[in-house]
Amino acid sequence: MDVFEAIRTRRSVRAFTGEAIPREDLEKIVDAGRLAASGSNKQPWDFIVITDHTIIEQLATTSQWIEQAGAMIAVVMDPESRWWMEDGAAAVQNMLLAATALGYGSCWLEGYVLRNEEAFKTLLGVPPEKRLMVLVPVGVPVEWPTKEKKPLEEVIHWERY
Ligand SMILES: Cc1cc2nc3c(=O)[nH]c(=O)nc-3n(C[C@H](O)[C@H](O)[C@H](O)COP(=O)(O)O)c2cc1C
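In this numbering scheme, every chain counts its residues from 1 along its sequence in written order. For this predicted model, a pLDDT threshold of at least 70 governs which residues receive local features, and a threshold of 80 or more governs which side-chain atom pairs are given and counted, while totals over whole chains, interfaces and linings are taken from all residues. Side-chain metrics rest on all non-hydrogen atoms present in the structure, leaving aside hydrogens and water.

Student: Sorry, what's going on with the site of the ligand here?
Tutor: To be near a molecule or strand, a residue needs just one of its heavy atoms within 4 Å of it. The full set of residues close to the ligand is Arg10, Arg11, Ser12, Arg14, Cys107, Trp108, Leu109, Glu110, Gly111, Tyr112, Lys147 and Lys149. Here Ser12 contributes a side-chain N or O atom positioned 2.5 Å from an oxygen atom of the ligand. A distance of 3.1 Å separates an oxygen atom of the ligand from a polar backbone atom of Gly111. The residue makeup of the shell around the ligand, split by class, is 4 nonpolar, 2 polar and 6 charged. Whenever a nitrogen or oxygen atom comes within 3.5 Å of another N or O atom, the pair is scored as a polar contact, on the condition that within protein one atom can donate a hydrogen and the other can accept it, and that pairs from neighbouring residues in sequence are kept only if both atoms are in side chains. In this classification, the charged set is Asp, Glu, Lys and Arg, the nonpolar set is Ala, Val, Leu, Ile, Met, Phe, Trp, Tyr, Cys and Pro, and all remaining amino acids, among them Gly, are polar.

Student: How should I be thinking about a nonpolar patch on the surface in this particular structure?
Tutor: Like-charged residues are merged into a patch within 9 Å and nonpolar side chains (Val, Leu, Ile, Met, Phe, Trp, Tyr) within 5 Å, provided each residue has over 30% relative accessible area and no salt bridge. Residue-level accessible areas treat just the shown protein chains as cover; the underlying method is Shrake-Rupley with a 1.4 Å probe. By definition, a salt bridge exists where a carboxyl oxygen of Asp or Glu is found within 4 Å of a side-chain nitrogen of Lys or Arg. On the surface, Leu152, Val155, Ile156 and Trp158 cluster together to form a nonpolar patch covering roughly 440 Å² of accessible area. By definition, any uninterrupted DSSP run of H or I lasting at least four residues is a helix, any uninterrupted run of E lasting at least two residues is a strand, and each is numbered from the N terminus. Mapped onto the elements of the fold, Val155 is located in helix H6 (residues 152-155). Only protein chains enter the area calculation, which uses a 1.4 Å probe; residues under 20% of their type maximum are buried, those over 50% are exposed, and those in between are partly exposed. With a relative accessible area of 45%, Val155 lands in the partly exposed category.

Student: How should the packing of aromatic side chains be read in this particular structure?
Tutor: When we look at a pair of aromatic rings, we describe it by the centre distance and by the angle of the planes. Centre distance within 6.5 Å is the pairing criterion for rings of Phe, Tyr and Trp, where only the six-membered ring of Trp is used; planes under 30 degrees apart are then read as stacked, over 60 as edge-to-face, and the remainder as tilted. Going through the model one piece at a time under the given rule, you end up with 3 aromatic pairs. Ring plane angle 45° and centroid distance 6.1 Å describe the contact between Phe16 and Trp65, whose orientation is recorded as tilted. Highlighted residues: Phe16 in the loop between helix H1 (3-9) and helix H2 (23-34) and Trp65 in the loop between helix H3 (53-60) and strand S2 (71-77), separated in sequence by 49 residues. Residues Tyr112 and Phe120 carry aromatic rings whose centres are separated by 5.9 Å and whose planes lie at 45° to one another, so their mutual orientation is tilted. In this structure, Tyr112 and Phe120 share a single accessibility class: buried.

Student: I tried to follow the sheet that holds strand S1 (residues 45-50) on my own but got confused; where do I start?
Tutor: Neighbouring strands of a sheet are bound in pairs by backbone hydrogen bonds; such pairs are parallel or else antiparallel. The sheet built from 4 strands is open, its strands ordered S1-S2-S4-S3 with antiparallel pairing. The open sheet is flanked by S1 and strand S3 (105-106), the only strands paired with a single partner. In this structure, S3 lies alongside strand S4 (residues 131-139), joined through 2 bridges in antiparallel fashion. Counterpart to Ser106 in the pairing with S4 is Val138. The criterion for strand pairing is that DSSP finds at least two bridges linking the strands in question.

Student: Would you take a moment to explain the environment of Arg8 for this structure?
Tutor: Tracing the chain through its elements places Arg8 in helix H1. Here the alpha-carbon distance between Arg8 and Ala119, two residues 111 residues apart in the chain, equals 35 Å.

Student: Honestly, the nonpolar core in this entry has me stumped. Any pointers?
Tutor: In globular proteins that are soluble, nonpolar side chains generally tend to be buried together. If you look at the biggest cluster of nonpolar residues, it comprises 24 residues, and the most contacted ones within it are Ile29, Phe47, Ile73, Val75, Met95, Val136 and Val138. Element by element, the count of residues in this core is highest for helix H4 (residues 84-101), at 7 residues. Any two residues whose heavy atoms approach within 4.5 Å at even a single point are treated as in contact. With residues near it in sequence (within four places) discarded, Ile73 still touches Ile29, Val30, Phe47, Ile48, Met95, Val134, Leu135, Val136 and Val138. Nonpolar cores were defined as sets of buried Ala, Val, Leu, Ile, Met, Phe, Trp, Tyr and Cys residues, with membership established by side-chain atoms within 4.5 Å. The next biggest cluster of nonpolar side chains, apart from the first, holds 17 residues, and it includes Leu59, Ala60, Met72 and Ala74.

Student: What exactly am I supposed to notice about the side chain of Ser81 here?
Tutor: By secondary structure assignment, the location of Ser81 is in the loop between S2 and H4. When neighbours within four sequence positions are excluded, Ser81 is seen to be in contact with Lys42, Pro44 and Asp87.

Student: Whenever I open this one, the pattern of salt bridges confuses me. Can you help?
Tutor: Side-chain pairs of opposite charge can arise whenever the charged atoms involved come near each other. Tallying each qualifying case throughout the model produces 5 salt bridges. Asp46 serves as the salt-bridge partner of Lys130, at 3.8 Å between the closest nitrogen and oxygen. With a gap of 84 residues between them, Lys130 in the loop between helix H5 (111-124) and S4 and Asp46 in strand S1 connect regions that are remote in the sequence. Residue Asp46 is classed as partly exposed on the basis of its relative accessible area, which comes to 42%. Among the ionic pairs, Arg131 bridges to Glu117, the shortest N-O distance being 2.9 Å. Placement of the pair is Arg131 in strand S4 and Glu117 in helix H5, with a sequence separation of 14 residues. The exposure class of Arg131 is partly exposed, given its relative accessible area of 28%.

The values are spatial; any link to function lies outside them.
Below, the structure written as structure tokens:
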């Protein structure tokens, strides 16, 4: 799948079969994340790959569908870095596209993490000075959702707004 096809077809998937994901595919996805652009090339990130279902279940809290993910990738950022949020977002988007290109569903969980950050940091052993920014569940999708996007004509401007 080329990058345009991955961008076009990526959607947030919230229903997984529960199948495990091969380690090399998880490495490819994280590799896409660590190759993202970052302010001043600080690369202020770490990625925790979680395949142990006893931990994934604890990360699922109120969202039961997360339990069916084959793996979870936690994006840990260093807030000392000036552009940490933008850098983290770039890494997450790269990983969503890589997961899509490999045929997996994924989802950007950030609002969900914010509500549970301290508990999840403790569970995952994240140092207190770091931020747990996003969780990315990755799994074999039960279905591929569609979601309407604004048409290009509505958002594109040439030369001036
Ligand atoms: C910053 C950000 C935070 C998000 N947080 C959550 C979340 O906590 N839970 C969730 O289910 N989806 C979350 N999403 C996914 C969005 O709901 C989803 O991207 C949006 O509805 C558009 O759908 P699509 O991803 O299928 O294009 C988040 C997405 C972004 C970019």
